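So the chains spell out like this:
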Amino acid sequence: MKKNFMMKRLMTLALLMILHSSLFTLHSMAQKFALVDMDYIFKNIPAYERANEQLAQVSRKWQAEVDALTTEAQTMYKTYQNEVVFLSAEQKKTRQDAIMEKEKQAAELKRKYFGPEGELFKKRTSLMSPIQEEVYNAVKDIADLRGYQLVLDRASDTGIIFGSPKIDISDEVLRKLGYSN
């Protein structure tokens, strides 16, 4: 009987030690999270807004160049359609080739400016990367200082349904960058 009692006591003590150890491990593994709203941050950085405006202006300028070539090709085609009955086979071929060349020029210009590795992409990278890196470094510094293991962007499409304003560090990031809000 005494042996049974001692066994139960030993088991209870072992169980309590395991439970205490588990709770300590869970507590030490608890992670701290924070949220930022990158859209909000970037809208409050004047250099970012200026860069966006500059990109919009250059984009409109380049689009006008592409549109001019496209319009020129369309005009050439309409003229060709109106005069096709009066043209010889050789003249038809010459005009068709000229129209196709103009359309090709428009497509190449569009790809040059707006393609995946185009001028707009390069311009956006050169203007935005330094600002984005500065914001990233500020977020990283704050995360390191406060012990956050994870910082999520509430503006991105991450599926965050609710985030407490208490863990939103967007204003702190802006202050760290020198933009008070």
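See the structure printed just above.
I will try to describe carefully the structure that is included in this document. If you're wondering where the values come from, they're calculated on a predicted model, not measured in any experiment.

A closer look at the environment of Glu119
Now for step 1: Examined against the element boundaries, Glu119 turns out to sit in helix H5 (residues 119-146).
Now for step 2: Overall, Glu119 belongs to the partly exposed group, its relative accessible area being 29%.
Now for step 3: Put simply, Glu119 and Ser59 are 60 residues apart on the chain and 9.5 Å apart in space, counted from C-alpha to C-alpha.
Now for step 4: Once residues within four sequence positions are removed from consideration, Glu119 is found in contact with Trp62, Lys112 and Tyr113.

Some remarks on helix H4 (residues 89-114)
Now for step 1: Helix length check: H4 (26 residues) gives 37 Å between terminal C-alpha atoms against 38 Å at 1.5 Å per residue, within 8%.
Now for step 2: Buried within H4 we find Ile99, Lys102, Ala106, Leu109 and Tyr113.
Now for step 3: Residues of H4 that are buried sit in contact with helix H3 (46-83) and H5.

A few points about H5
Now for step 1: Taking 1.5 Å per residue, 28 residues should reach 40 Å; H5 reaches 40 Å between its end C-alpha atoms and fits that length.
Now for step 2: Of all the positions in H5, only Leu120, Met128, Ile131, Val135, Ala138, Val139, Ile142 and Ala143 are classed as buried.
Now for step 3: Gly147, located one to two residues past H5, shows a positive phi value of around 80°.

Quick word on the packing of H3 against H4
Now for step 1: At a minimum axis separation of 9 Å, H3 and H4 run at an interaxial angle of 165°. Classed by the angle they form, the pair H3 and H4 counts as roughly antiparallel. Here H3 and H4 pass one another in a crossing that is left-handed.
Now for step 2: Counted by class, the contact of H3 with H4 contains 13 nonpolar, six polar and eight charged residues.

Section: the pattern of salt bridges
Now for step 1: Applying the stated criterion across every chain yields a total of eight salt bridges.
Now for step 2: Among the ionic pairs, Lys102 bridges to Glu72, the shortest N-O distance being 3.0 Å. Here Lys102, found in helix H4, pairs with Glu72, found in helix H3; they are 30 residues apart in sequence, far enough to count as distant.
Now for step 3: Residue classification places Glu72 among the partly exposed positions, given a relative accessible area of 37%.
Now for step 4: One salt bridge in this structure joins Lys140 and Asp144, with 3.1 Å as the shortest N-O distance. Linking Lys140 with Asp144, this pair stays in helix H5, spanning four residues, or about one helical turn.
Now for step 5: Residue classification places Asp144 among the exposed positions, given a relative accessible area of 53%.

Regarding the nonpolar core
Nonpolar side chains tend to gather and get buried jointly when the protein is soluble and globular.
Now for step 1: Ranked by size, the top nonpolar core spans 29 residues in total, and within it Val36, Ile41, Phe42, Ile45, Val135, Ile169 and Val173 carry the most contacts.
Now for step 2: Of all elements in the fold, only strand S1 (33-36), helix H2 (38-43), H3, H4, H5 and helix H6 (170-176) reach the threshold of two or more residues within this core.
Now for step 3: With eight residues, H5 is the single largest residue contributor to this core.

Describing a nonpolar patch on the surface
Now for step 1: The grouping of Phe33, Leu150 and Ile167 at the surface amounts to a nonpolar patch, some 220 Å² of accessible area in total.
Now for step 2: As for its position among the elements, Leu150 is in strand S2 (residues 150-153).
Now for step 3: By relative accessible area, Leu150 is classed as partly exposed at 35%.

Notes on the environment of Ala56
Now for step 1: When you line up the elements, Ala56 lands in helix H3.
Now for step 2: Of the residues examined, Ala56 reaches a relative accessible area of 26% and is grouped as partly exposed.
Now for step 3: The spacing of Ala56 and Leu120 is 64 residues in sequence and 9.6 Å in space, taken between C-alpha atoms.

Conventions we followed
- Residues numbered from 1 in each chain as written.
- Predicted model: local features only at pLDDT ≥ 70, side-chain atom pairs only at ≥ 80, totals over all residues.
- Heavy atoms only, no water.
- Helix = DSSP H or I, 4+ residues; strand = E, 2+ residues; numbered from the N terminus.
- Buried < 20%, exposed > 50% of the residue type's maximum accessible area, 1.4 Å probe, protein only.
- Contact = heavy atoms within 4.5 Å.
- Expected span 1.5 Å × (residues − 1).
- Axes fitted to C-alpha atoms, helices over the stretch in contact; angles between N-to-C directions.
- Parallel < 35°, antiparallel > 145°, perpendicular 65-115°, else oblique.
- Left-handed = near helix turned anticlockwise from the far one by under 90°.
- Nonpolar A, V, L, I, M, F, W, Y, C, P; charged D, E, K, R; others polar.
- Salt bridge = Lys/Arg side-chain N within 4 Å of Asp/Glu carboxyl O.
- Core = buried A, V, L, I, M, F, W, Y, C linked by side-chain atoms within 4.5 Å.
- Patch = residues over 30% accessible without salt bridge, like charges linked within 9 Å, V, L, I, M, F, W, Y side chains within 5 Å.
- Areas by Shrake-Rupley, 256 points an atom, 1.4 Å probe, with all protein chains shown as cover.

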